[in-house]
Amino acid sequence: MPPADRWWRLGLRARVTATFGLGALVLSATMACLTYLTARQFILHQRETSIIRQAYDNASLLRSTLPTTDASQIPQLLDSFDTGGARSVLEQNGVWHTAYSASFFRQEQIPLGLRTMVLAGRPAEQHFLLNGSPELAVGVPVPSLGAHYFEVFSLLEEAKTLRILALALAGAALVTTVVGAVIGRWASGRLLRPLGAVAQAAETIAGGRLDTRLTASDDPDLSRLTGSFNRMTDALQERIEREARFSSDVSHELRSPLTTLATALDVLEASAEELPDRPRQALRLLGDELRRFQHMVADLLEISRADTGATDLSLEEVEVGELVHQLAASGGTRGVPVRVDPRVGELRLWVDKRRIERVVANLIGNAAQYAGGATEVAAEAIPGQPDRVRLVVTDRGPGVGEEERQLIFERFYRGAAAGRRGATDGAGLGLSLVAEHVRLHGGDVWVEDAAGGGSRFVVELPAHRRGDATVPALQAAR
Ligand SMILES: Nc1ncnc2c1ncn2[C@@H]1O[C@H](COP(=O)(O)OP(=O)(O)OP(=O)(O)O)[C@@H](O)[C@H]1O
Ligand SMILES: [Mg+2]
């Protein structure tokens, strides 16, 4: 990946943090370098000036004292000068004298260039390294005595000071960089917070709460964003509601002519025996199609009611075991074996019984239609989740392919199993209604493979023990 692409992939927050950190690094490194160079210049220049002045003072002192000093006394004489720790060396008529205190020092250690220049009669100074440590040598000719005076100073202290300064400045630059990055992270976090609110609102809207809006902001930059976001959701909500109202109205309007047709058909069917074969067959076909149509319109009406938010749940509290047995007794399970896990039998649910009955009846109807009938209706426990319970309808049919498991819960989707049975069976609305009812209860529904082949349609619902109030939670979930 090219570096530019990698940079854009980092994410806004990381990029702002990196930019702040980098900016702080460049600034603090530049400041540190400038400070170091200025300090170095200042410290070395000051020291050099004082060293040279002192060497000249000592040379002029020599001019008055040397003529009266015996050659053997010269090391003591040199020691009596104030040299500030320098090693002093004197050359006179080709003989080299070193101060007693610097007797270890050899004149050869003075750089040759400097020696030659001073011996040729020109004063000079030179920086050099002696055994790795920085030194400054100053040479002053004293022509009246035929002598040449040298002082060699160690600059080790200054070098140490400068090293400490460099370390301190590098540390400061590092701290500044980190502080810069932290400020960048904090600032970008603050900047992105409104975006987080927008994302949150968008997710809530996507989850079905169309009335979600952002709170207005005083900030002129943000108020534009919140304003246009809220206007967009207003438009979206209005449009969705209009469409839902439309299909609700259409289904509603279709109901009465269908009822009239059905009544008329009943009359005709009552005297079907008297009809010849072909009209009787046609009448039966007409009857089947009409009932299918009525069933579809009823489903459509129910779905569009859910879309317009016109659904009212009439919740009642029931025990799981009792509910499942009631479902069986009401004919909803049509003689399918029922099993209730003893761990959940006493749990309680807040349900709209009519809807749950339709859910189970729909699943059993589908099993009968596509899978040769349901083999079991069960209430199961979920390990580790005592506040939920599963109602499971199992069959031994062809099962639902991985790629269809989401799709079959969509409206008008008819799957592979339906295709095998011919096109006239259903409208593909049953499972979407199931999903709608389950969602209204704060639950979940999905299909998975049954252990011995076939499918398991699982409806998971929130449950509670006797005395726990779960209704508020359920209402919050809606
Ligand atoms: N138990 C099952 N086994 C295999 N496939 C199934 C089963 N139940 C449903 N399906 C598949 O899921 C599809 C959607 O089912 P859904 O109940 O939503 O619609 P439908 O039964 O085709 O029509 P409707 O229920 O509106 O009369 C079906 O067409 C079928 O392909
Ligand atoms: Mg169906």
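Before any of the text, the structure's been laid out above.
What you are looking at is a predicted structure, and each value in this text was computed from that prediction instead of being measured.

*Asks:* So what's going on with the overall build of the chain? Which residues, and what values?
*Replies:* Assigned secondary structure in the chain consists of 12 helices and 12 strands. For the chain, the C-alpha radius of gyration of 49 Å lies well beyond 23 Å, the compact-globule estimate for 478 residues. Overall, the C-alpha framework of the chain stretches about 160 × 50 × 45 Å when taken along its three principal axes. Counting across all 478 residues of the chain, residues that qualify as buried make up 25%. Long-range pairs, those at least 24 residues apart, make up 63% of the contacts in the chain between residues at least 6 apart in sequence.

*Asks:* Can you tell me about the pairing of strand 9 (residues 374–381), naming the residues and giving the values?
*Replies:* As paired strands, strand 7 (residues 338–340) and strand 9 are joined by 3 bridges and run parallel to one another. Looking at the pairing, V338 lines up with V377 of strand 9. Counted between consecutive antiparallel strands, the loop separating strand 9 from strand 10 (residues 388–395) contains 6 residues, among which G384 sits at a positive phi close to 80°.

*Asks:* Give me the lowdown on helix 6 (residues 220–270), citing residues and values where you can.
*Replies:* The end-to-end C-alpha distance of helix 6, which contains 51 residues, comes to 74 Å, matching closely the 75 Å that a straight helix rising 1.5 Å per residue would cover. Along helix 6, the largest kink reaches about 25° and is centred on R255; proline P257 follows within four residues of it.

*Asks:* Summarise the packing of helix 6 against helix 7 (residues 277–308); cite the residues concerned and give the values.
*Replies:* Running from amino to carboxyl end, helix 6 crosses helix 7 at an angle of 155°, the nearest separation of the two axes being 8 Å. Considered as vectors, helix 6 and helix 7 are oriented roughly antiparallel to each other. The two elements helix 6 and helix 7 meet at a crossing, and its hand is left-handed. By residue class, the composition of the contact of helix 6 with helix 7 is 14 nonpolar, 8 polar and 6 charged.

*Asks:* How would you summarise the site of ligand 1 if you had to cite specific residues and measurements?
*Replies:* Taken together, the neighbourhood of ligand 1 is formed by 26 residues, with G415, A418, G426, G430 and L431 sitting nearest. Elements with a contribution of two residues or more to the shell around ligand 1: helix 9 (353–370), helix 10 (416–420) and helix 11 (430–440). Element by element, the count of residues in the shell around ligand 1 is highest for helix 9, at 4 residues. A class-by-class count of the residues in the shell around ligand 1 yields 13 nonpolar, 9 polar and 4 charged.

*Asks:* How would you sum up the nonpolar core? Please name residues and give values.
*Replies:* Formed by 42 residues in total, the largest nonpolar core has its most connected members in V320, L349, V360, L363, V389, V393 and V434. Elements with a minimum of two residues in this core: helix 8 (320–329), strand 8 (348–351), helix 9, strand 9, strand 10, helix 11, strand 11 (444–449) and strand 12 (455–462). Considering every element that reaches this core, the biggest residue donor is helix 9, with 7 residues. In this structure V320 touches V340, V344, G345, L347, L349, A379, V389 and A463, once residues within four positions along its chain are discounted. Within the second largest apolar cluster, 24 residues are counted, among which are V89, L136, A147 and Y149.

*Asks:* Outline the sheet that holds strand 1 (residues 87–92), listing residues and values.
*Replies:* Read across the sheet, 5 strands follow the order 2-1-5-4-3 without closing on themselves; strand pairing throughout is antiparallel. Single-partner strands in this sheet number two, and they are strand 2 (95–98) and strand 3 (124–130). This sheet shows a mean twist of 20° between the axes of neighbouring strands, independent of strand direction. Judged from the 7 bridges that link them, strand 3 and strand 4 (residues 133–142) form a sheet pairing that is antiparallel. The residue of strand 4 that forms the bridge with L129 is P134. Sheet strands touched by helix 4 (residues 112–119): strand 1, strand 3, strand 4 and strand 5 (147–154). Its angle to strand 3, the strand with the most contacts, is close to 160°.

*Asks:* Can you explain the environment of L210? Please cite residues and give values.
*Replies:* For L210, the position within the fold is in the loop between helix 5 (156–206) and helix 6. With 30 residues separating them along the chain, L210 and I240 place their C-alpha atoms 9.0 Å apart. Residue contacts for L210: discarding those within four places in its chain leaves I205, L236, Q237 and I240.

The rules behind these values
Residues numbered from 1 in each chain as written. Chains lettered and ligands numbered in written order. Predicted model: local features only at pLDDT ≥ 70, side-chain atom pairs only at ≥ 80, totals over all residues. Helix = DSSP H or I, 4+ residues; strand = E, 2+ residues; numbered from the N terminus. Rg over C-alpha atoms; globule rule 2.2 N^0.38 Å. Buried ≥ 20, exposed ≤ 12 C-beta atoms within 10 Å, placed from the backbone. Contact = placed C-beta atoms within 7 Å. Pairing = 2+ DSSP bridges. Expected span 1.5 Å × (residues − 1). Bend = angle between axes of the 7 residues up to and from the residue. Axes fitted to C-alpha atoms, helices over the stretch in contact; angles between N-to-C directions. Parallel < 35°, antiparallel > 145°, perpendicular 65-115°, else oblique. Left-handed = near helix turned anticlockwise from the far one by under 90°. Nonpolar A, V, L, I, M, F, W, Y, C, P; charged D, E, K, R; others polar. Near = placed C-beta within 6 Å. Core = buried A, V, L, I, M, F, W, Y, C linked by C-beta atoms within 7 Å.

None of this, on its own, says anything about what the molecule does.
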